[in-house]
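Here are the chains, one letter per residue:
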Amino acid sequence: MSFNSTSGGVNIQNNVIPLVGPILIGNLLGWLLIGVLTVQLYVYYLSFPRDSWQTKSTVYGLYLLEIAQTVVATNVAWSTLCAGWGNPRVLVHTSWGFAMIPVVNGAIAGWVQLFFALRIWVLGKNPFWKAVTVAISIISVAQGAAAVTASTKYVFINNLNKVSVVVPMVCIHLGGGVIADTLIAVSMVYLLTAAKKSTWSKAANKRVTQLIRITVETGVLSAVAASVDLGLFLCLRNNVHFTFAAALSKLYSNALMMSLNSRAALRLRSSSSFEDGTYLTAPHFTTVQLGTIPVGTHIQLDAPESGSGTAVPDAKSVGLAFAF
């Protein structure tokens, strides 16, 4: 497919591949990741029927948003590669889906970031970590607000030649996401490492190591993807960044689901009675306090000995943070 004319100030002949190719690849990645997310949702549905309504609302609410994001991204691909086939104008004046990508991505990213910020709030034992949680929350809300603003502005211009109008908002949206993701990953790793160094059992330390690994893998992945998306958006005047933009939100959702579903593997040992300490119910990972009647299989994470310091997360805090 080749065009020898120009439309809207864009040289179609020289730039058609970077304009349409990333839309196709981004949608393929998006559909792949929504499939992975659907499998994770099914595993969650079977494994954790007794999770709190707050956690369930987050899981199912994010999945509905991801369906909406998939529809939005598919609209961009359809209008460009199918309905707009042979019409150079669609490469400059995009469909409504193009404008909706930032706002949906921002909402999903913000929701996931606030979810992990709550974990840091529970794990943190001193005012410093409370302040970190507040900072993450502010950054998360700010990037979401910037995404809404960017989408709103682009609705009115609907012209890729004038995309510079939304560059500041996109920078705040993606840049804020990178900062929030980095803070979350660093904070979680530090707090879990501190908990691991306390006087826990060897089996418990092994499970905390698994939590640290999952935190690093998921946190780094989303931060790197957002950084690459921002870099391509600023450096290249085409749609190459759309490859990451179309799939970015699903990285966040899959990261959260991976974190939640990993609880099914945290079966340290079974017990039929309580001792002093904190117990976690498997596979539901519900924190149970001394004096309540245990239901199902129980897991014990031995609490740190007295004198270990209130700044170090104990078994109860880890249980609450990963169960809600």
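Everything below is about the structure printed above this text.
These numbers were taken from a predicted model, which means no experiment stands behind them.

J.: Any chance you could explain the packing of helix α2 (residues 53-81) against helix α7 (residues 242-261) here in plain terms?
T.: Helix-helix packing is characterised by the crossing angle of the two axes and by the distance between the axes. The geometry of α2 relative to α7 is characterised by a closest axis approach of 11 Å and an angle of 165° between their N-to-C directions. On the basis of their axis angle, the class for α2 and α7 is roughly antiparallel. Along this stretch, α2 crosses α7, giving a crossing that reads as left-handed. Contact residues: Thr55, Thr58, Val59, Leu62, Glu66, Gln69, Thr70, Ala73 and Val76 in α2; Phe242, Ala245, Ala246, Ser249, Lys250, Ser253, Leu256, Met257 and Leu260 in α7. Residues belonging to the contact of α2 with α7 are distributed by class as follows: ten nonpolar, six polar and two charged.

J.: I tried to follow the packing of aromatic side chains on my own but got confused; where do I start?
T.: Any aromatic ring pair is given by two values, namely how distant the centres are and how the planes are angled relative to each other. Summed over the entire model, instances satisfying the criterion amount to seven aromatic pairs. Pairing Tyr44 with Phe48 gives two aromatic rings, centres 5.6 Å apart and planes at 40°, and the pair type is tilted. Look at Phe98 and Phe242: their rings are 5.8 Å apart centre to centre, the planes differ by 15°, and that puts the pair in the stacked class. Of the two residues, Phe98 is situated in helix α3 (residues 96-123) and Phe242 in helix α7; the sequence distance between them amounts to 144 residues. Summarising the burial analysis for this pair, Phe98 and Phe242 share the class buried. Linked through ring pairs, Tyr44, Phe48 and Tyr60 together constitute an aromatic cluster. A cation over a ring is seen here: Lys130 above Trp121, with NZ or CZ 4.5 Å from the ring centre.

Each value, and the rule that gives it
- Residues numbered from 1 in each chain as written.
- Predicted model: local features only at pLDDT ≥ 70, side-chain atom pairs only at ≥ 80, totals over all residues.
- Heavy atoms only, no water.
- Axes fitted to C-alpha atoms, helices over the stretch in contact; angles between N-to-C directions.
- Helix = DSSP H or I, 4+ residues; strand = E, 2+ residues; numbered from the N terminus.
- Parallel < 35°, antiparallel > 145°, perpendicular 65-115°, else oblique.
- Left-handed = near helix turned anticlockwise from the far one by under 90°.
- Contact = heavy atoms within 4.5 Å.
- Nonpolar A, V, L, I, M, F, W, Y, C, P; charged D, E, K, R; others polar.
- Phe/Tyr/Trp six-rings, centres within 6.5 Å; stacked < 30°, edge-to-face > 60°.
- Buried < 20%, exposed > 50% of the residue type's maximum accessible area, 1.4 Å probe, protein only.
- Lys NZ or Arg CZ within 6 Å of the ring centre and 35° of its normal.

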